[in-house]
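Residue strings, one per chain:
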Amino acid sequence: GRCTLTKMALHKPCMNYYEYISETLHQVTKIEEVTFAGKSEFQEVLVLRTTDFGKTLVLDNKTQSALSDEFVYHESLVHPALLSHPNPKSVFIGGGGEGATAREILKHTSVEKCVMVDLDEKVVNICREQMPEWNAGVWEDPRFTCLYDDALKYLKETEEKFDVIIMDICDPIEAGPGWVLYTKEFYTETARNRLTPGGVLVTQSTACSLADVSQCFSVINNTLRQSFKNVVPYGANIPSFGSPWGFNICWEEQGADFERITANTDPAVIDSRLKERLGDKLSTLRHYD
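Residue positions are given per chain, counting from 1 as you read along its sequence in written order. Side-chain atom pairs in this predicted model are given and counted only at pLDDT of 80 or more, local residue features only at pLDDT of at least 70, and totals for whole chains, interfaces and linings cover all residues. With hydrogens and water set aside, each side-chain value is computed from the structure's full complement of heavy atoms.

Undergrad: When you look at the packing of aromatic side chains in this model, what are you seeing that I'm missing?
TA: Geometrically, a pair of aromatic rings is defined through the distance of the ring centres and the angle of the planes. Here is the rule: rings of Phe, Tyr and Trp (six-membered ring for Trp) pair when centre to centre is within 6.5 Å. Planes less than 30 degrees apart are stacked, more than 60 are edge-to-face, and the remainder are tilted. The full count for this structure, using the stated rule, is nine aromatic pairs. Taken together, the ring pairs connect Tyr 73, Tyr 234, Phe 241, Trp 245 and Phe 247 into an aromatic cluster. Taking the ring centre of Phe 71 as reference, the NZ or CZ of Arg 286 above it sits at 3.8 Å. The criterion is that NZ of a Lys, or CZ of an Arg, lies within 6 Å of the ring centre and within 35 degrees of the ring normal, and then a charge sits over that ring.

If you want it as structure tokens, here you go:
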């Protein structure tokens, strides 16, 4: 497994959490408390409070989200894609069980509908109970809909199209049947067909450090380049993951405005667009500003 606990008792202090970043590298942090330990139909679930990263969600022995830096991941996943679209009104989330991806999407005043499809209802409910800071009340927002279903199945069956598709799912090497959401067939035969003209897709793309980039990140990027005319890779440093983390934004047709969000863009331009799109929610950003 990727992690072990030196002891396994709820609320008992002085435990250590080990997460294996690679075969020869692992990250260790002290556990102050284990507030939940159990299983859903699909995966093992832990909610820990660690000394270094605070409250942390672990699924199948891999850190998914930590209070200390979840905002780095979720703001990096969401805002570049939405800012690149001229007027995003409808957004689809594949996965996203913590509710934080929806939290960031719904900060955009142009968004009229956000549909989140997550397979694991139990994990979503655990997150709502144990980690309410993540979702910031999105379940009360009338623009938000949460469905418990297979994201691939949903996208194949729905007739609805979206301005932005955000894939916030498990890594392909650990996702079990979810690996199909990283294939050329998914991107070309399903995802592209569910985008509106000028629509944008962004996917989390696993660790992108020099030590990890050849494992999955480069493979995902190459697959996307075979599936979309335009692909922009980028990354963010997320300490709780033990590695810089990668993302890829893709679009097929003209319409996306990536000159507004690239590393060479004047920060004042990005600040101006954020202010225009987020309004009084701009002050809630902690990383992408």
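Undergrad: Mind showing me how you'd approach helix H7 (residues 217-225) here?
TA: For an α-helix, the turn length of 3.6 residues means that residues three or four places apart are oriented alike. A simple rule labels every residue: compare its accessible area, found with a 1.4 Å probe on the protein chains alone, to the largest value its type can have, and call it buried under 20%, exposed over 50%, or partly exposed in between. A run of H or I in DSSP counts as a helix once it spans at least four residues, and a run of E counts as a strand once it spans at least two, with each numbered from the N terminus. For H7, the complete set of buried residues consists of Phe 217, Ile 220, Asn 221, Thr 223 and Leu 224. Here the buried residues of H7 occupy an arc of 160° about the axis, which is enough to place them on one side. Any two residues whose heavy atoms approach within 4.5 Å at even a single point are treated as in contact. Residues of H7 that are buried sit in contact with helix H6 (184-191), strand E11 (195-207), strand E12 (230-238) and strand E13 (243-251). Working note: the arc is built from the helix axis to C-beta atom directions.

Undergrad: Mind showing me how you'd approach the environment of Trp 179 here?
TA: Looking at the element boundaries, Trp 179 is found in the loop between strand E10 (162-168) and H6. A sequence separation of 10 residues divides Trp 179 from Ile 169, and the C-alpha atoms of the two residues are 9.4 Å apart.

Undergrad: Can you help me understand the packing of helix H1 (residues 70-84) against helix H8 (residues 267-278) in this one?
TA: To characterise two packed helices, one gives the angle between the axes of the helices and the distance between these axes. To define axes, lines are fitted to C-alpha atoms, for helices over the stretch in contact only, and angles between the resulting N-to-C directions are given on a 0 to 180 degree scale. Running from N to C, H1 and H8 point in directions that differ by 90°, and their axes come no closer than 11 Å. Considering the angle they form, H1 stands roughly perpendicular to H8. For the pair H1 and H8, contact is made by His 79, Leu 82, Leu 83 and Ser 84 and by Ile 270, Arg 273, Leu 274, Arg 277 and Leu 278, respectively. Throughout this description, any angle smaller than 35 degrees is read as roughly parallel, any larger than 145 degrees as roughly antiparallel, any in the 65 to 115 degree range as roughly perpendicular, and the remainder as oblique.

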